[in-house]
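A closer look at the structure
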Amino acid sequence: MIENEINFNSGDIQLAGTMTMPSEEGVFPCVLMIHGSGPFDRDENNPHMKIDAFNTIANHLAEKRIASLRYDKRGCGKSSGSFDAAGFYDLVQDGMAAYRYLTTNTNINNDKIFLLGHSEGAMIAPKIYLSYPAIAGLILLAVPAKNLEDSLKYQTKLIKDDVENGKGLARLINKLLWKIIRYDPVKAWQAIFEKAKNTDKDSFRYKGQKINAKWLREHIEYDPKYTICNVNCPILSITGDKDIQVDPQDAASVADLAKGPVEYHIVSNLTHILRPDDGPPSLFNYKKLLKQNIDQRVLDFISSWLQKKI
């Protein structure tokens, strides 16, 4: 396995990443990886959460003789630009630039370039396909088939129920804090969305927290169902039944919506961060779960599907 630091341009932004090749010589199929929401680097890590998803997947694919490209989001890692000012369509343009970069690499089979998106990345990947229908297929992990506003309503309701009805010290502390400051996560997000809709600024502050209004507005207007309905290439859709950030049934919705062949899996005990959890799903479990490796079932589904398509 060979890993090389690379750079490519997306407009005026220079993005940094890693090309992972099975060996120095040869022409290989390739997977381009696109992150979930948040200030993530090429491995899907940030200062608050170390998911280590894309480096793990890259290593697994290299063992199967499949190359991959993963990159730092704009304003993250070694990439230039501002993450806080990036809208949804800026992130789409960055993914398109990464795809174009791959098509210039003589060690990559241009007919066998696949896109892998996790969470928000699973919304971006189909959008890129509409502009580049030569893409061989899509791998969508924790895919939202609803727009961001509806997905966050789903997420915040589950989080609120967990805090108010769950057990443990962390939940009790949050429950007391919410009561003291009169905080309701459902009402808070409703207020944030309304404010984003009624401003043309790139960002604003809500209770001291900086909110990317441009990103929210573009997500509010974006309909992932319309995009998926126009995808003809093969799709692998994987979501866990313990995902509390994306409705697990959205994985099945992709199969109903897409024009091309879809293989989907709603994986038992799998969470949004691609780790298994035997207990009741909760964000409070993430710190413990991240000490584990990515669920091997996810890696096996990905490589098995790719080998059939290759």
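Shown above is the structure to which this text applies.
Residues numbered from 1 in each chain as written. Predicted model: local features only at pLDDT ≥ 70, side-chain atom pairs only at ≥ 80, totals over all residues. Heavy atoms only, no water.

Before going further, it helps to spend a moment on the overall build of the chain. Helix and strand counts for the chain come out as eleven helices and twelve strands. On C-alpha atoms alone, the chain measures out to a radius of gyration of 19 Å, which is about the 19 Å that the 2.2 N^0.38 rule sets for 310 residues. The C-alpha extent of the chain, read off along each of the three principal axes, is 60 × 45 × 35 Å. Going through the 310 residues of the chain one by one, you find that 54% of them count as buried. Considering only residue pairs separated by 6 or more positions, the chain has 69% of its internal contacts joining residues 24 or more positions apart. In the form shown here, the chain has an accessible surface area of approximately 14,100 Å², with 48% of it arising from carbon and sulfur atoms. Charged side chains in the chain number 39 positive and 38 negative. The centres of these two groups are separated by 6 Å. (Helix = DSSP H or I, 4+ residues; strand = E, 2+ residues; numbered from the N terminus. Rg over C-alpha atoms; globule rule 2.2 N^0.38 Å. Buried < 20%, exposed > 50% of the residue type's maximum accessible area, 1.4 Å probe, protein only. Contact = heavy atoms within 4.5 Å. Areas by Shrake-Rupley, 256 points an atom, 1.4 Å probe, with all protein chains shown as cover. Lys, Arg positive; Asp, Glu negative; His and termini not counted. Charge placed at Lys NZ, Arg CZ, Asp CG, Glu CD.)

The subject of this paragraph is the sheet that holds strand 12 (residues 262-267). Here eight strands make up an open sheet; going across it, the order is 1-2-6-3-7-8-11-12 and the pairing mixed. Edge positions in the sheet fall to strand 1 (2-10) and strand 12, since each of these pairs with one other strand and no more. Along the sheet, successive strands turn relative to each other by an average axial angle of 20 degrees, direction set aside. Inspection of the sheet shows strand 2 (residues 13-21) paired to strand 6 (residues 67-71) by four bridges, in the antiparallel sense. (Pairing = 2+ DSSP bridges. Axes fitted to C-alpha atoms, helices over the stretch in contact; angles between N-to-C directions.)

All right, on to unusual backbone geometry then. Even without a glycine there, the phi angle at Ala-142 is positive, about 50 degrees. The buried category is assigned to Ala-142, whose relative accessible area is 2%. Despite not being glycine, Asn-269 shows a phi value in the positive range, around 65 degrees. Counting through the fold element by element, Asn-269 comes out in the loop between strand 12 and helix 10 (286-289). Residue class for Asn-269 comes out partly exposed when judged on its relative accessible area of 25%.

Running from amino to carboxyl end, helix 1 (residues 54-63) crosses helix 11 (residues 296-309) at an angle of 45 degrees, the nearest separation of the two axes being 10 Å. Accordingly, the angle class assigned to the pair helix 1 and helix 11 is oblique. For the pair helix 1 and helix 11, the sense of crossing is right-handed. Two secondary-structure elements touch here, helix 1 through Thr-56, Ile-57, His-60 and Leu-61 and helix 11 through Gln-296, Leu-299, Asp-300, Ile-302, Ser-303 and Leu-306. (Parallel < 35°, antiparallel > 145°, perpendicular 65-115°, else oblique. Left-handed = near helix turned anticlockwise from the far one by under 90°.)

What follows is about helix 7 (residues 213-221). Most of helix 7 is tucked away, with seven of its nine residues classed as buried. Taken as a whole, helix 7 has its buried residues at Ala-213, Trp-215, Leu-216, Arg-217, Glu-218, His-219 and Ile-220. Those residues of helix 7 that are buried lie in contact with helix 2 (88-103), helix 3 (121-131), helix 4 (148-165), helix 6 (185-197), strand 9 (203-206) and strand 10 (209-212). Where helix 7 begins, the capping side chain belongs to Asn-212, and its oxygen is found 3.3 Å from the backbone nitrogen of Lys-214. (Polar contact = N/O pair within 3.5 Å; in protein donor to acceptor, adjacent residues only side chain to side chain.)

Summed over all chains, the structure comprises 15 salt bridges. Between Arg-70 and Glu-3 there is a salt bridge whose closest N-O contact spans 3.2 Å. Remark: Glu-3 occurs in strand 1 and Arg-70 occurs in strand 6; sequence separation between them is 67 residues. Overall, Arg-70 belongs to the buried group, its relative accessible area being 5%. Each of Glu-5, Arg-42, Asp-72 and Lys-78 takes part in a single network of salt bridges with overlapping partners. (Salt bridge = Lys/Arg side-chain N within 4 Å of Asp/Glu carboxyl O.)

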